[in-house]
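Chain by chain, the residues:
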Amino acid sequence: MELDKAWIRDPWPLYRELRRQGPLRRVVMPDGVPGWLVTDHAEARALLDDRRLSKNVHRARELFPPGTAGGYITRLSEHMLNDDPPNHTRLRKLVTKAFTSRAVNRLRPQIERITDELLDGVDGETDLIESFAFPLPIAVISELLGVPHEDRSRIRAWSRVFVSGVTGEPLATAAREQSALLRDLIRAKRAEPAEDLLSDLVHVSDEGDRLSEDELVAMAFLLLFAGHETTVHLLGNAVYSLLRNPEQERLLRTDPSLLPGAIEEFLRTGSPIHIATLRFTTEPVTVGDVEIPAGEFVMVSLLAANADEARFEDPYELDITRPAGGHLAFGHGIHYCLGAPLARLEGEIAIGRLLARFPSLRLAVDPADLHWRTSTLVRGLRELPVIASTRAV
Ligand code: HEM
C-alpha cells in the first residue's frame, strides 16, 4: 500500500481500517521509503523494545532506496537515538543525570519565569504557536544547554528544514551551518566553561576522552532538536484539543489538580511524535502471522497505538480524568524519551499558567482552516490563532 501525504492530516480512518486488518502491514511512505507500519498498541510496545530491531544509522543508510535517506545522510544524525547498545548505553549515561525528575525540577523557577514573560506579550488575537508554544521550549532547552539568545532563531529555521523532509542542498546547508554553530559554541565552552549542560559535556569529553568532538556536536544537536520540536506540539495540540472540548476545559479550570493527568491525556490523544524514528530488523521477526524479513524498516505509529480500542476505552474521547499512563507518546524501551520529565514539567507549567492568565480562550478561526504539519515524524499545527482575554466572557 502506498501512502500519500493526505493521510497525515486525518489519519484516523486509515488507522481504524488497518487495525481491523491486523497489527501491521507493508507500506511505502510518502517519501518513497518502504517498511512495515505498526498500528496496534501491544505490537507497537513490543517492537519498540525488541533488540532484534536496530537503529544504527550506518547500517540504516544502506537500506534506504536511492535518494530517500533524507536527514540520515548528515553527520548530525550520528547520535544515540540512531544507535544500539553498547554505544547507545555509553552515550545515554552521560546525559541521564541532567534529565532526572529531580534535576529537572530545579529548572521550575526558570521555566515559570520564561512562561510568564511570554504570556506578558500575549493579549487579544495571537498565533499561540508563534507567541508561546514555540519560544517556550526552545528557551528552556537553550538555557539548560547554554545556547545564547541570538542563536535561537537560526536554530529554529534549521529545525524546520530537518523536519520538512527536504533533501539535497537545502538539507546539506542547514546541517553544515548548524554543525559550525555548535562547534563554535563547544569551543567557547571549552575556553570559558559555564554552569550549563554543554560545558559539563565538554568537560566529560576532555577528562575521560569518552566523547569525540563529532559525538559532542551530534549530542548537542539531538538535545536541542528533540528538546523543542516535540514540546511545541504538546502545547499546541493540548490547547487545540481543550478548545475543541469545552466541557474538559471547564473541568480543568475548576480543578487544576487534574493538570498532570490532563497532560498525559493530551500526550495520548495528540502524540507530538506521530511515527517513531526509524528502526529495522536484523533478522526475521514474526508478529502475529506475519513474518518481517531481515533488513526491513519498521515504522511504529505512536498516534495509532495510542488510539487502539483494545488498550483504551473510547480512545478518541479526550478524558482528562482517565487513568494516566500506558500511552506510547514518549516511546518505550531503551530509547524511551530522555526528556520526558522536562516535557511534562513544561507542559504543566505552560498550560496551567495559560489557563490561569486567560479565563477566556477561543479559536480565532474555523478548525477546518487550520494547517497541520505534513511531516510523518512530528504531528502539530503550523499556527494556532486564538483570542485570549483576561476577562471571562
Ligand atoms: C512532549 C515532548 C516530547 C515528546 C512527545 C518526545 C517523544 C520522544 C520519543 C517518542 C522518543 C523515542 C523515539 C523512538 O524510540 O523512536 C524520544 C526520544 C528522545 N527524546 Fe523526547 N520527546 C519530547 C520531549 C523531549 C525533550 C524536552 C527532550 C530534552 C532534551 C527530549 C530528548 C529526547 C532524547 C535525547 C531522546 C533519545 C533517547 C535515546 O535514544 O535513548 N525529548 N522522545
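From a predicted model like this one, the values you see are computed outputs, not experimental measurements.

**Q** What is the right way to read the site of the ligand from this model?
**A** Residues in contact with the ligand amount to 29 residues; listed here are only the nearest, H88, R92, T277, H335 and C337. The separation between an oxygen atom of the ligand and a polar side-chain atom of R92 is 2.7 Å. Here an oxygen atom of the ligand and a side-chain polar atom of H335 are 2.7 Å apart. Elements with a minimum of two residues in the shell around the ligand: α5 (87–96) and α13 (213–244). A per-element tally of the shell around the ligand places α13 first, with seven residues.

**Q** Mind showing me how you'd approach the packing of α5 against α13 here?
**A** Packed helices, taken two at a time, are described by their axes: the angle between them and the distance between them. Two elements in contact, α5 and α13, have axes separated by 12 Å at closest approach and are oriented at 65°. The orientation of α5 with respect to α13, classified from their angle, is roughly perpendicular. Considering only the axes of α5 and α13, their crossing is right-handed. Mapping the contact onto sequence places N87, R90, L91 and V95 in α5 and E215, M219 and L223 in α13. Split by residue class, the contact of α5 with α13 holds four nonpolar, one polar and two charged.

**Q** Got a minute to help me understand the sheet that holds strand β3 (residues 53–54) in this structure?
**A** The pairing of strands in a sheet comes from backbone hydrogen bonds and takes either a parallel or an antiparallel form. Read from one edge of the open sheet, five strands run β1-β2-β8-β5-β3, paired in mixed fashion. Of all the strands in the sheet, the pair left with one neighbour each is β1 (24–28) and β3. Strand direction decides the pairing type here: strand β5 (residues 279–281) and strand β8 (residues 297–300), joined by two bridges, are antiparallel. Opposite R279, over in β8, you have V298 as the bridge partner.

**Q** Mind showing me how you'd approach the packing of aromatic side chains here?
**A** Tallying each qualifying case throughout the model produces nine aromatic pairs. Measuring from ring centre to ring centre gives 5.3 Å for F64 and Y72, while their planes differ by 50°; the resulting arrangement is tilted. With respect to class, F64 is no different from Y72; both count as buried. Centroid distance F221 to F225: 5.5 Å. Interplanar angle 15°. Geometry classified as stacked. Residue F221 and its partner F225 are both found in helix α13; the two are separated by four residues, about one turn of the helix. Judged by its relative accessible area of 15%, F225 is buried. Members of the aromatic cluster, each reached through a chain of ring pairs, are F64, Y72, F280 and F297.

**Q** Quick question: what am I supposed to make of helix α2 (residues 12–21) here?
**A** Buried within α2 we find W12, L14, Y15, L18 and R19. What you see down the axis of α2 is that its buried residues fit within an arc of 155°, all on one side. Looking at the packing, one finds that the buried side of α2 touches α1 (6–9), β1, β2 (34–38), α15 (259–269) and α16 (302–305). Positive phi shows up at G22, right after α2, with a value of about 155°.

**Q** What should I look at first to understand the side chain of N82 in this one?
**A** Structurally, the position occupied by N82 is in the loop between α4 (57–63) and α5. One polar contact links the side chain of N82 to the main-chain carbonyl oxygen of S77, over a distance of 2.8 Å.

**Q** Which parts of the structure should I look at to understand the sheet that holds strand β9 (residues 360–363)?
**A** Pairing is antiparallel in the open sheet, where three strands are placed in the order β4-β10-β9. For this open sheet the edge positions go to β4 (124–127) and β9, each flanked by a neighbour on one side alone. On average, each strand axis in the sheet is inclined to that of its neighbour by 25°, with strand direction left out of account. In this structure, β4 lies alongside strand β10 (residues 385–389), joined through four bridges in antiparallel fashion. Bridge assignment links D127 to a residue of β10, and that residue is P385. Against the sheet, α13 engages β9 and β10, with an angle of about 95° to β9.

What counts, and where the lines are drawn
Here, residues in each chain are numbered from 1, in the same order as that chain's written sequence. Whole-chain, interface and lining totals are the exception, using all residues; otherwise, since this is a predicted model, local features are given only for residues with pLDDT of at least 70 and side-chain atom pairs are given and counted only at 80 or more. Derived side-chain values reflect all non-hydrogen atoms in the structure, with water molecules and hydrogen atoms excluded from consideration. Throughout, near means a residue has at least one heavy atom within 4 Å of the molecule or strand. The definition of a polar contact used here is a pair of N or O atoms within 3.5 Å, where within protein one atom must be able to donate a hydrogen and the other to accept one, and adjacent residues in sequence count solely through side-chain atom pairs. The way it works is that DSSP assigns letters per residue, a run of H or I at least four long becomes a helix, a run of E at least two long becomes a strand, and they are numbered from the N terminus. Only the stretch in contact is used when a helix axis is fitted, and all axes are lines through C-alpha atoms; the angle between N-to-C directions ranges over 0 to 180 degrees. Here roughly perpendicular refers to angles of 65 to 115 degrees, roughly parallel to angles under 35, roughly antiparallel to angles over 145, and oblique to all remaining angles. Helix crossings are classified by the rotation of the near helix relative to the far one: an anticlockwise turn of less than a right angle makes the crossing left-handed, while a clockwise turn makes it right-handed. Here, two residues are considered to be in contact whenever any of their heavy atoms come within 4.5 Å of each other. Asp, Glu, Lys and Arg are counted as charged, while Ala, Val, Leu, Ile, Met, Phe, Trp, Tyr, Cys and Pro are counted as nonpolar; the rest, among them Gly, fall into the polar class. Note on pairing: two strands pair once DSSP finds at least 2 bridges between them. Any two of the Phe, Tyr and Trp rings considered here, Trp counted by its six-membered ring, make a pair once their centres fall within 6.5 Å; the pair's planes then place it as stacked at under 30 degrees, edge-to-face at over 60, or tilted in between. Partly exposed residues are those whose accessible area sits between 20% and 50% of the maximum for their type, while under 20% is buried and over 50% is exposed, using a 1.4 Å probe and protein chains only. This arc corresponds to the set of directions leading from the helix axis out to the C-beta atoms.

Read these as geometric descriptors, not functional statements.
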